[in-house]
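# Descriptive analysis of the structure
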Amino acid sequence: MKYTFAYWGNYTIAIKTLLEKLGIDLIPPEKTSSKAIEEGSKIAPELYCFPLKVNIGNYLVAIKNGAEKVLMVENVGGSCRQRYYGIVQNKALKDAGYNIDVIVLKTSPKEIYSKIKEISGASLLQIWGAGRFAFKKLRLIEKLEKIANYLRPREKERGETSKFLRWALDKIDKVKDEKEFTKIKKEILGKISKIKIDRSKKLPRVGLIGEIYTVCDESINFGIEEKLAREGIEVHREMNLTYHLKKGIFPWKDWQIQKKIMPYLESTVGGHGRDAIYEMLHFAKEGFNGVIQLLPFGCMPETTVRPILEKIHQKTGVPFLSLSLDEQVAEVGLQTRIEAFAEVVNNHFIKYNK
Amino acid sequence: METYLGIDVGSISTKFVIINEKNEILHALYFRTEGNPINAVKKGLRILKKELPKNIQINGVGSTGSARQLTGIITGADIIKNEITAHAKGAAFFVPDVRTVIEIGGQDSKIIILENGVAVDFAMNLICAAGTGAFLDAQAFRLKIPIEKFGEIALKSKSPTPIGSRCTIFAESDMIHKQQIGHSVEDIVAGLCQGLVRNFLANIAKGKNIKSPIVFLGGVSENIGMRKAFEETLEEKIIIPKYNTVAGAFGVALIVKEKPPKKTKFFGFEVSEKDIRCTSFQCKGCPNQCEVLEARIEGEVIARWGDRCGKWSS
């Protein structure tokens, strides 16, 4: 049986490694293209949130490549509509005439373990090893993304960082052995420090907050980090897969966040709604020159907290831009807003940091 | 004479402004884009060439508007600026202490909040064109009123008819309905203006700190009915400066003049006589499948843009 899963930015590499090491026969998803989004939107329910449509688009490409089953990780409990993704996607695919099963993995350790065991037949040791290797890859990917955000606006030769990142990710993707990986990691980190930059440059800083899927996948957010870097802005982003995993394992992180945002919101609104408020408060306190909220169209938690974020913006004076993304958003419209926002950010920077 | 040229090519109208060293507007053009930005740019350059004195020297060119990229490339502009920055600049020149700029154009509507002459916040319609000029245009056509008369007629109304205006399509059906049950044209037109203002304030200006002085720009600001509706709703005076429809082009001309290039890249007015073509193709290099655009003057490729990785544009 050939399995596939949804594409999600650079993290796809780590997920792919995990499943491969478990011995699952895999048709990895291709990078999300505008064509895939279009095809997915065609058969997905119109009013469902945007990531669901993109996921289906990914599956359709994989099905063409021979995939027979889909693995979908779902959140449990009071999260958001993501917890119905598996079942809705399954139905959308079946209604469109695809005879394919979407297998749901609920994010509770016990259930994941038993499901994985059922699908792959891997031993506990094998699962542990696969998890460790995938996590190592994930950590390196996230580290590189962070470094790239620092380098990009400072690089001497435009585009060098992104080019390097593509090369490095390809290397990380291809390595199948943990020992080999350690070597490659060293090589990558060595090379990335050699990218020529202008260290003396003091730049305006912008924090990227919002819904995790759109924030972390450049194929969905039109490469917003690169776009901002081109305007001479240093981008910071706290949200990544590890952040999400950590919160799943250590629930007290949520309690701490709740305590900090108490004046603005007294309960959860699902998803990472509370995190958005917490992050914006944090960025404002750190003296950032702007905050951008990214959300997929139809995302309930992020739409709910948007007025609160507007309020923080009014109170603290930190420039704020909210961008809702879906299959109908045109890149030119987004570009105009980013350019104008960059101007506002620069004005803030000149006023407070120079 | 040393001058600077600002070009603003929008979805519905195209604006050209020439300013001199003293920031005085020597010449301003405003005409319809008619769905063809390249032709509109050529037309503007042709008119300017004919109407301007021969001793004029262009020291710098700036382009703005939704077709700013294309315009910048085919004219050889020195600066390509987004329309929000350009309008903020233009408005702050006319009213130095301006705090709020409302700009409603053909398909865009935006609000810009300024402090000490610089933009600190803005909002723009993203997925809905409700309440923009194109809609008023269509309704004027349907009611068989010339769009220039729209405001005048609205002012005649004593009791504006409420028209649902959350969505333009429904506003239109509501309007037809109100017409069919016998409301007068001026009441409907005035109701429409109020509806659009309500829509603008509820959707675009939501959560923004609107403070006086308020400047109203863009094609729709020509409509005195809209101005009155804004004044009534906001209970503030609305300033409509001279050159309200060309403020973007004026703004970008000011921006170029502030940081003038050593030598302008402007191709000259002659480019209007040349054959300019623009085509696009999809790059198959990676899954991004960027739509790459290509501009040619007399068959020669002058620029490619639209790709994310820089394979074509550099």
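The model shown is predicted, which means the values in this text are computed figures rather than measured ones.

Below, the discussion takes up the overall build of chain A. Along chain A, the regular secondary structure elements total 15 helices and seven strands. The C-alpha radius of gyration computed for chain A amounts to 20 Å, which stays within 12% of the reference 20 Å derived for 354 residues, consistent with globular compactness. For chain A, the spread of C-alpha atoms along the principal axes amounts to about 60 × 45 × 40 Å. In chain A, buried positions account for 55% of the 354 residues.

Another aspect to go through is the sheet that holds strand E2 (residues 69-74) of chain A. Adjacent strands of a sheet pair through backbone hydrogen bonds, lying either parallel or antiparallel. All names here are of chain A. With respect to topology, three strands assemble into an open sheet ordered E1-E2-E3, the strand pairing being parallel. Each having just a single partner strand, strand E1 (3-5) and strand E3 (101-106) make up the two edges of the open sheet. For this sheet, the mean angle separating the axes of adjacent strands, direction not counted, is 35°. The pairing of E2 with E3 spans six bridges and is parallel. In the sheet register, Lys69 faces E3, and the bridge partner there is Asp101. Against the sheet, helix H4 (residues 85-95) contacts E2 and E3, and its axis sits at roughly 180° relative to E3. Across the sheet, helix H5 (residues 109-120) lies against E1, E2 and E3, angled at about 145° from E3, the strand it touches most.

The subject of this paragraph is the domain arrangement of chain B. Residues and elements named next belong to chain B. Structurally, chain B comprises domain 1 (2-87 + 249-272), domain 2 (96-240) and domain 3 (275-314). Contact residues are listed per partner, giving seven residues for domain 1 and 13 residues for domain 2. Taken together, both faces of the contact between domain 1 and domain 2 bury some 810 Å²; the carbon and sulfur share is 67%. Among the residues of domain 1 in contact with domain 2, Ile12, Ile84 and His87 are the three that bury the most area, contributing 64% of the side total. Seen at the junction of domain 1 and domain 2, the total is one salt bridge. Asp137 is the partner of Arg32 in a salt bridge, and the nearest nitrogen-oxygen pair spans 3.0 Å. Put simply, domain 1 and domain 2 have three residue pairs in polar contact (both at pLDDT 80 or more) between them. At three residues, helix H3 (residues 83-94) tops the list of elements feeding residues into the side of domain 1 that touches domain 2. Tallied by class, residues from the side of domain 1 that touches domain 2 come to three nonpolar, two polar and two charged.

This paragraph deals with the nonpolar core. Grouped together as the largest cluster of nonpolar side chains are 86 residues, with contacts concentrated most on A:Ile292 and A:Leu309. Those residues in contact with A:Leu309, other than ones at most four positions away along the chain, are A:Ile209, A:Ala276, A:Ile277, A:Met280, A:Gln293 and A:Phe320. B:Ile104, B:Ile153, B:Ala190 and B:Ala205 belong to the second-largest nonpolar core, a separate cluster that totals 35 residues.

Take the side chain of B:His87 next. Relative to the helices and strands, B:His87 resides in helix H3. Discounting chain neighbours no more than four positions away, the residues touching B:His87 are B:Asp8, B:Glu103, B:Lys110, B:Ile112, B:Leu217, B:Ala247 and B:Gly248.

With 25 residues of chain B at the contact, the number on the chain A side is 31 residues. Here chain B and chain A share an interface that buries about 2,300 Å² over both sides, 46% of which is from carbon and sulfur atoms. Applying the counting rule to chain B against chain A returns four salt bridges. Between B:Glu115 and A:Lys351 there is a salt bridge whose closest N-O contact spans 3.5 Å. Across the contact surface, chain B and chain A share eight residue pairs in polar contact (both at pLDDT 80 or more). Residue assignment for the side of chain B that touches chain A shows that the elements contributing at least two residues are H3 and strand E8 (118-124) of chain B. Tallying contributions element by element places E8(B) first for the side of chain B that touches chain A, with six residues.

Attention shifts here to a nonpolar patch on the surface. Residue and element names in this part refer to chain A. A cluster of nonpolar side chains, namely Phe135, Leu245, Ile249, Phe250, Trp252 and Trp255, defines an oily patch on the protein surface of about 670 Å² accessible area. Elements with a minimum of two residues in the nonpolar patch: helix H11 (241-249) and helix H12 (252-261). Summarising the element assignment, Leu245 is placed in helix H11. Here Leu245 falls in the partly exposed class, since its relative accessible area comes to 39%.

Analysis parameters
Residues numbered from 1 in each chain as written. Chains lettered and ligands numbered in written order. Predicted model: local features only at pLDDT ≥ 70, side-chain atom pairs only at ≥ 80, totals over all residues. Heavy atoms only, no water. Helix = DSSP H or I, 4+ residues; strand = E, 2+ residues; numbered from the N terminus. Rg over C-alpha atoms; globule rule 2.2 N^0.38 Å. Buried < 20%, exposed > 50% of the residue type's maximum accessible area, 1.4 Å probe, protein only. Pairing = 2+ DSSP bridges. Axes fitted to C-alpha atoms, helices over the stretch in contact; angles between N-to-C directions. Contact = heavy atoms within 4.5 Å. Domains from an automatic or database assignment. Buried area = accessible area lost by both parts, 1.4 Å probe. Salt bridge = Lys/Arg side-chain N within 4 Å of Asp/Glu carboxyl O. Polar contact = N/O pair within 3.5 Å; in protein donor to acceptor, adjacent residues only side chain to side chain. Nonpolar A, V, L, I, M, F, W, Y, C, P; charged D, E, K, R; others polar. Core = buried A, V, L, I, M, F, W, Y, C linked by side-chain atoms within 4.5 Å. Patch = residues over 30% accessible without salt bridge, like charges linked within 9 Å, V, L, I, M, F, W, Y side chains within 5 Å. Areas by Shrake-Rupley, 256 points an atom, 1.4 Å probe, with all protein chains shown as cover.

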